[in-house]
Every structure is written in structure tokens, then in C-alpha cells.
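Structural overview
What follows is the residue order along each chain.
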Amino acid sequence: MSAIMGKNGGIYMKKARSALCALCLALLVPLLIRAWRVLPVDSHPLVAEKYAGWSGVLRLWVFEGWESGAGSLSAWLNGCAARFEKRHPGVYVQPQAVDAGAIASFCDSGILPPDMLLFPPGVLDSPEGLAPLAVPDALRPALRHCGEWGASSYAVPVAMGGYLWAWNAALLDDVPGSWREAGVAPAVMEDDPFHHYGAALLALCSGTYSEASPDAPAEEALPGVDLGLAGGDTPAPAATLAPDENALPCRLPDGFAFDPDAWKNFVNGEAAATPVTQRQVRRLQALSERGAGPDWRLTSGGGGAFTDQLLCLAVVQKPDADAQRALCEAFIQWLLSDDCQGALGEAGAFAVTDAASGLSPGDPLARMDAALRSDGLAAPNCFDAKWPETVAEIVREFVAGEADPPALWRALAARLTQNPNNNQKQAAICPEIASPKGFI
């Protein structure tokens, strides 16, 4: 009897344990469902399917040409790329610094071209091999023409620099309305491929003055101005100034000439004023922090706003690359987002949208940023190879002193807005991109 009871008891215990295990498993089901919803899952199979036949890498060739305040925009670009990758799992943006020749010959060098190009005006003379793009709504109106070719756009500005007067307070009380009567001459650098100081000089001298106020039109006083430091936003001048029957034009001194040593002379305290870029402003700051350099200030002098310092992003036209192209266009939109545009100030560059550039109120570059926000900002088309020659002729008239500077400035600004090819509706695809077998 006891043997039978023991056997039955064992059976009952096994059934009880089985029931308990089943109950525990039933209780774990909701927890497993919750974990599946909350915990990350392996997305690699999904990514592989989405980008089948493509590695997920977007290759970007970069040539800056001009210098931001920090010397380069690579840190800004890498930061924006990293945040873009987080938003697009499985996608990797790979910037690569190249020279101007690599950008210019991307279409016919025999080297596998990248997916995107980032370059300044003066490198490409046509958009051959590039994909047409929709101009993003966020781009400022004054910059919307910069990538036009015929009826389409092929590049989008994503960052820019600028110019202002830097003047020596030990030699001048302010920038004069006209240099011919000032007793001192401005020192101005000669042009280089990515800095057209002559055009910047004409823009800065395009304002007018009156005999009652011989200095250039004064800008609004700003709090905390010290060694060129500007707080808050500065009202920016328009490209076309209101006519005034008593207005007098700015004239250069007789015998004025561009000087390759202009920057050195200003830094040494020998020049009264010189047009400067954001990079030179940062260098002046560094000198001041060491107790060296001139007692400098910054101003637009009441003139117009000009820049040839743009970085434009373009997408290479490739057959059967819809996924890459869509992501490249998304990357352009991301670079124009407030997140990325608001980080340009850290690199000493300026937003091309209405977003704040991220400069602190006491930063001297805040004045340059404000000047560049003028509705009359003049900037070249990045595919226009002929504008420097035309503008140089206009600047020569200004230096000669015979023509009216405001009228010359209006002519210069109008020239920069011209479409370099109104007769061509779409750029051709590079033969080697259309037939990629020839690439090495």
C-alpha cells in the first residue's frame, strides 16, 4: 500500500511541477513581448535588404579653397555627418579632402567618382556630370541662384564666409566716407582664386557720405564693443542705397594700388585699414590676446555686402543609383537644418539660411554675420567661370576714380546674379559615369 501511495505521490508531484512550469512560461510571455518592443533588435538584415547591391557609404570629395575662422570646416562637416548617420542606420558619409584638380576632373579623370562634391566657386565651369537638384526652401533668397545652370540648379550653398573693414584706431577715428580726402590709404590684398579683394573693396566703398558727416555712415552702437567685439545683431546695409542729392561717393586716393603685403602692414600697425575675412579676424583676436597687433575695430563702412566665399554641395549623376541620390539630397537638407547651420559659428563660418550661426553676442564675427544677412547680398554663381574677369573690369573703373562707385556696385551685383547658361536646360552626364567600365 505504501509503495502504491509513494508511486502516486511521485506522479502528482511531477504533474504539479509541470503545471508550475507552464504557469511561469505563461507569465513570461507578456514580458517577452515587452522586451521585443523596447530592446534593440538586429537591423542588419533589414538594412542589407534596403540597400541591396550598395555598401551604404556615401563618398564626399571636399575642397574648401577659402578658410573659415577656424582654418577649416572639416570638424563641422564631420559632426554633421555623424549626426546624419545616426538618423539613417546603415548609411555612412565618408568625406575626403582632395585638391581643386580632383574636383575639376571628377568627370573624366578615370577615377571612380564620389557621390557628392563640396567646392567653392571657381573650381567647376559647368555642372557636367552632376544631378539637377531642387533648391531647398531654407536657403536665403540672395543665394538661391548660386547653383543655377540654364533652367535647373546643380549645387546648393551650405556655408559661407565674408568681408569687413578692419581699421586701426591709433591711426583713424573711424573709416572715412572717402579715402581721397582722408590723408591715409587703405591697404588691400591682391586677388587670389578664392578671394576677390577688389570686389570686396568696391562693396565696402559703395556707401555715400555728406560734407556734414565726412565719415562713412555710422552703424548702430552695440554693447560690449572692444577690439572689434560686437554684441547682438547689426543692421545690415542694402546693396542699393537710397539716393540723396547731398550724398558724396567714396573715392580712393590717387595712385592707389593693391598690395600683396597689405595684411602684414596692417598687423604691424603701418596700415590704417584693410578688408579682412573671418580667418583674419580670428588671427587679429589671437594677436590681441597676446598683447600684440594693432588696436583694431570692425565695420562695414555703410557699404554693400559681398562674398565669394561659398561652399556648395552637388550630387554626382549616376545611373541606377536612386537610393544614393535620395540620401545625398537628404544630406543636403540636413546640412541646411538649424542643427547644422547653428554649429557653423564654432568653425568661424556663417549660415546660408535664416538660422542663427551660433556665434556668441561678444564675438567680433557677429558683425560680419549680420552684414551677410543683407537682402542685397551679392554672391557669384559657382559655375560661372567668367565673372572674375568681368568684375575685375568694374573694379578697375572704380580704382581709376572716374565712375560713380554706387553705380559700379549695382553693376557688379547685377553681374553676379546672371545665369551662366540660360540656353541649356540640363547638364550632360559624364560619359565615363554613364559607362563605368572604364574606371580604375
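Residues numbered from 1 in each chain as written. Predicted model: local features only at pLDDT ≥ 70, side-chain atom pairs only at ≥ 80, totals over all residues. Heavy atoms only, no water.

Attention now goes to the overall build of the protein chain. Within the protein chain one finds 13 helices and 12 strands. Counting every position in the protein chain, which comprises 440 residues, the buried fraction comes to 49%. Put simply, the protein chain shows about 20900 Å² of open surface, and 55% of that area lies on carbon and sulfur atoms. (Helix = DSSP H or I, 4+ residues; strand = E, 2+ residues; numbered from the N terminus. Buried < 20%, exposed > 50% of the residue type's maximum accessible area, 1.4 Å probe, protein only. Areas by Shrake-Rupley, 256 points an atom, 1.4 Å probe, with all protein chains shown as cover.)

Averaged over the protein chain, the pLDDT score is 85; the fraction of residues at 70 or greater is 76%. This stretch, residues 1-5, has a pLDDT under 50; its non-local contacts, to residues over four places away or in other chains, come to 0 contacts. Per-residue pLDDT stays below 50 along residues 38-48; that stretch engages in 3 contacts with residues further than four places along the chain or on separate chains. (pLDDT = per-residue confidence, 0-100. Contact = heavy atoms within 4.5 Å.)

The pairing of strands in a sheet comes from backbone hydrogen bonds and takes either a parallel or an antiparallel form. Read from one edge to the other, the open sheet built from 3 strands follows the order β10-β7-β11, with strand pairing classed as antiparallel. Unpaired on one side and paired on the other, β10 (273-276) and β11 (296-299) mark the two borders of the sheet. On average, each strand axis in the sheet is inclined to that of its neighbour by 30°, with strand direction left out of account. Pairing analysis gives 4 bridges linking strand β7 (residues 164-168) to β11, with the strands arranged antiparallel. Considered in β11, the bridge of N168 is made with W296. (Pairing = 2+ DSSP bridges. Axes fitted to C-alpha atoms, helices over the stretch in contact; angles between N-to-C directions.)

Turning next to the sheet that holds strand β12 (residues 310-315). Strands sit in the order β2-β1-β3-β12-β6 across an open sheet of 5 strands; the sheet is mixed. Looking at the sheet topology across the chains shown, the edges are occupied by β2 (92-97) and β6 (156-160). Across the sheet, the mean angle from the axis of one strand to that of its neighbour is 25°, orientation sign disregarded. Note: strand β1 (residues 57-62) against strand β3 (residues 116-119), 3 bridges, orientation parallel. Looking at β3, one finds that W61 is bridged to L117. Packing against the sheet, helix α3 (residues 74-87) makes contact with β1, β2, β3 and β6, and its axis sits at approximately 165° to β2. On the sheet, helix α8 (residues 322-335) packs against β1, β2, β3, β6 and β12 and is oriented at approximately 160° with respect to β12.

Let us look at a negative patch on the surface. There is a patch of like negative charges on the surface, built from E389, E393, E397 and E402. Along the chain, the position of E393 falls in helix α11 (residues 387-400). (Patch = residues over 30% accessible without salt bridge, like charges linked within 9 Å, V, L, I, M, F, W, Y side chains within 5 Å. Salt bridge = Lys/Arg side-chain N within 4 Å of Asp/Glu carboxyl O. Lys, Arg positive; Asp, Glu negative; His and termini not counted. Charge placed at Lys NZ, Arg CZ, Asp CG, Glu CD.)

The next point concerns the nonpolar core. With 87 residues, the main nonpolar core has W76, F119 and F331 as its most contacted residues. Beyond its immediate sequence surroundings of up to four residues, W76 is in contact with V158, L335, C340, Q341, A343, L344 and A347. Residues W165, C205, A273 and I394 belong to the second largest nonpolar core, which totals 33 residues. (Core = buried A, V, L, I, M, F, W, Y, C linked by side-chain atoms within 4.5 Å.)

Quick look at the environment of R325 now. Within the secondary structure, R325 sits in helix α8. Relative accessible area serves as the criterion here: at 27%, R325 is assigned to the partly exposed category. C-alpha of R325 to C-alpha of V315: the two residues are 10 residues apart in sequence and 7.1 Å apart in space.

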